[in-house]
Amino acid sequence: VNPIIAIVTDFGIEDTYVGVMKSVILGIQPAARLIDLTHAIPRGSIRAGAFELWRAASYLPKGCILLGVVDPGVGTARRPVTLAFDELLAVGPDNGLFSYLLFEHRLLGAHELAAPELRLPEPSSTFHGRDVFAPAAAHLARGTSPEAFGPPVPQLLSLPLPVLRPIPGAIEGEILHCDVFGNLVTSIGRLELHGAALALRDWTGRELQAGLDARSCQLVLPDGKSLPLAHTFADVPAGAALAYTGSTGLLEIAVNGGDAAEVLGLNVGDVVRLSEIKG
Amino acid sequence: VNPIIAIVTDFGIEDTYVGVMKSVILGIQPAARLIDLTHAIPRGSIRAGAFELWRAASYLPKGCILLGVVDPGVGTARRPVTLAFDELLAVGPDNGLFSYLLFEHRLLGAHELAAPELRLPEPSSTFHGRDVFAPAAAHLARGTSPEAFGPPVPQLLSLPLPVLRPIPGAIEGEILHCDVFGNLVTSIGRLELHGAALALRDWTGRELQAGLDARSCQLVLPDGKSLPLAHTFADVPAGAALAYTGSTGLLEIAVNGGDAAEVLGLNVGDVVRLSEIKG
Amino acid sequence: VNPIIAIVTDFGIEDTYVGVMKSVILGIQPAARLIDLTHAIPRGSIRAGAFELWRAASYLPKGCILLGVVDPGVGTARRPVTLAFDELLAVGPDNGLFSYLLFEHRLLGAHELAAPELRLPEPSSTFHGRDVFAPAAAHLARGTSPEAFGPPVPQLLSLPLPVLRPIPGAIEGEILHCDVFGNLVTSIGRLELHGAALALRDWTGRELQAGLDARSCQLVLPDGKSLPLAHTFADVPAGAALAYTGSTGLLEIAVNGGDAAEVLGLNVGDVVRLSEIKG
């Protein structure tokens, strides 16, 4: 079976940067299959990259190599690394980009990308995607073991956890992502029903007891407006807003046939509350 | 030979939606070859999707699987289907998206995507592209027969035909598509010359007798402006407008080196007339 | 090993043009591997296309087929050609698009794409990417020899060289490219240190003696502002501008964490000077 390399960058696709990375990969491992996850991470936004890597990882084929390049510190002392998880490998800078992956995938080990023979000769100081990370992914796809790249990295840099906490009568979360349609993904998720009681887990997997009744919950926005919980877009009239469990298990906010970010004036980082309807 | 899956969506490429669909496909059928036809269908525009599917289909390799996801009714009662045509298979929602394909490709049968074992487990209600359609395309690419997915669908939903009709002294059509350059594709096409007399076929293949003399035709815009019929862009001066038979056999409108939609103030849906130059 | 075709166009990815070209390629040579280098060349900008082809070519796998379609004269008398270089093949219009490649790759021969059996039947006059160039690339990928396509082309059309010349006390160059981040690539490059003396080669490979001291050089912009030479973005404070040797060996201009084109008011074609700091 041909090895698969799935790629996340903030390089855009207007330039040849991504195409050149792919050229380097196929020059080293011609059998590699390449999947573009996204190249539209906001420039230098490690957190947005970490979110997209986390969101995509559950759907990657087993054994896939995840190549992530969101690297505002390129050319500085931050370490290039390869991470071995139980069912996938990752390659990129050690700047927190892979830290959300750790929530759901067990890390078996991390190694620095130090071996000069596993990079392009004379690497530039501004394009490690081409000179360091793409070659590393390609060599992994040829079967080179992670240990061969360099010394183990005992401690990886971590991003702060997404905001998600029980407060009196509610659960407070934040908006993590706005998609191209204006649908907003919150940090509130993994909702589980125990009878009518709503439980959820935080991002480290711990259960949060919120004491909410799932039959009478709503999502409250920063301006006090509240949205009904629904199943899918068409459950509310065209132009109306709703909250619903999105396709990765997180609560999302949308407007049926519209752009929720624009209509509701919401941005990444805004705080939202899941709470019972007062009666 | 590796099976080919050609994809049309309105998901854009900023998010990981398309990349995740591809991950799901390669997880099920690692040998599949994937072609992005476009992911820039205007959000929810079934008609624009139907046009692009029709326009691309004649150039697809035989045996190709066409995966179309423009699905504003996701999660509602609209049926997910697979269609078998004589030289290709299609997968997507039964909302009219494939109805223009029927003009040129013979439908052998349609089946509902109902079998739970041919979907991802626990499908979401908002991302059938990932949970229902991508797995179906991948299973077809593994050789699963369309019949295995579910019961036959006797009647598919159809879009209205593009406007194309003879009127006294002219043929009336509409603008179907505006490309990224501002070139406009009309519904007037399949022009055939019988000596100097112009004939054309409507979208169902019936011949329309217009009694026009091909040597003296022009294209008249809604504001009365008329464009010469030319062969290619450079047949008119830089900045001048022309009509020409475009690369799919339909009459198109362009400005040599410019943006016809902007320069001429034209939009999708505008009515244009092919008529003889009055003398 | 499967043949690789790397593609550069000005077609954008909103329409199905590129996807249809890929469909045509895989219909002729199903084993071809396809790399998108970029489809965002400014419409009709042969020079921008030539730059991106030059910039990407050094990183392409050996034996790769480079398919370039920036073709404002489509349908006119300009010749479609295939070029054989020592380690790669190219296909596209003979309009100067491949002329920068000649700086670093040895041309073994050029042939016109004339054989009708190696095109699609009844080629359109506006989409040679689909009807002429994609089939040619696919047939080359099947092993058809360049000679089989048509007569040799003794003289290819060439673009003017990028501006790069020594002037008293400085080297004068121009801005060749602005990337999606606002980083600007100049024509000044291939800097070599001979002790402290700076030498560089022009675009034809000839050495330019500028008599500059590498330890005290700066890059002077059209408005007189001067930028320090640095190693990577983070060598200057956030928001500050720098010049540095970019990832293709050319001097580039950036703002750490910002958009240099916008902040500094620079455009493609602007003249810049590398000169010694007066002091």
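Above this text sits the structure in question.
These figures come from a predicted structure and were not determined experimentally. (Residues numbered from 1 in each chain as written. Chains lettered and ligands numbered in written order. Predicted model: local features only at pLDDT ≥ 70, side-chain atom pairs only at ≥ 80, totals over all residues. Heavy atoms only, no water.)

## Brief notes about the overall build of chain A
Scanning chain A for helices and strands turns up 4 helices and 17 strands. Taken over the C-alpha atoms alone, chain A extends approximately 70 × 35 × 35 Å along its principal axes. Considering chain A as a whole, with its 279 residues, one finds that 59% of them fall into the buried category. For chain A, the share of sequence-separated contacts (at least 6 apart) that also reach a separation of at least 24 residues comes to 63%. (Helix = DSSP H or I, 4+ residues; strand = E, 2+ residues; numbered from the N terminus. Buried < 20%, exposed > 50% of the residue type's maximum accessible area, 1.4 Å probe, protein only. Contact = heavy atoms within 4.5 Å.)

## Examining the relation of the copies chain C and chain B
Screw-axis analysis of chain C against chain B gives a translation of 0.0 Å along the axis, an RMSD of 0.0 Å, and a rotation angle of 120°. Here the two chains are linked by the operation of a three-fold rotation axis. Both copies present different contact surfaces, since only 7% of the interface residues of chain C are interface residues in chain B too. (Least-squares fit on C-alpha atoms with pLDDT ≥ 70 in both.)

## Focus on the sheet that holds strand β4 (residues 80–85) of chain B
Sheet architecture is open: 6 strands sit in the order β2-β1-β3-β5-β4-β6 (chain B), paired in mixed fashion. The outermost strands of the open sheet, each flanked by one partner alone, are β2 (33–38) and β6 (107–112) of chain B. Averaged over all neighbouring strand pairs, the angle between strand axes comes to 20°, with direction disregarded. In this sheet, β6(B) lies alongside β4(B) in antiparallel orientation, the contact comprising 5 bridges. Bridge assignment links B:Thr82 to a residue of β6(B), and that residue is B:His111. Here helix α1 (residues 17–28) of chain B sits on the sheet and contacts β1 (4–9), β2 and β3 (64–69) of chain B; the angle it forms with β2(B), its principal contact strand, is near 155°. Of the strands in this sheet, β1 and β2 of chain B touch helix α1 (residues 17–28) of chain C, which is tilted by about 150° from β2(B). (Pairing = 2+ DSSP bridges. Axes fitted to C-alpha atoms, helices over the stretch in contact; angles between N-to-C directions.)

## Some details on the pattern of salt bridges
Under the criterion given, the structure shown has 27 salt bridges over all chains. Across the pair A:Arg79 and A:Asp94 runs a salt bridge, and its minimum N-O distance is 3.5 Å. Here A:Arg79 is found in the loop between β3 (65–69) and β4 (80–85), whereas its partner A:Asp94 is found in the loop between β5 (89–93) and β6 (107–112), with 15 residues between them in sequence. With its nearest N and O atoms 2.5 Å apart, the salt bridge here joins C:Arg130 to C:Asp131. For the pair C:Arg130 and C:Asp131, a shared accessibility class is recorded, and that class is buried. Within this structure, A:Asp15, C:Glu52 and C:Arg55 form a network of salt bridges that share partners. (Salt bridge = Lys/Arg side-chain N within 4 Å of Asp/Glu carboxyl O.)

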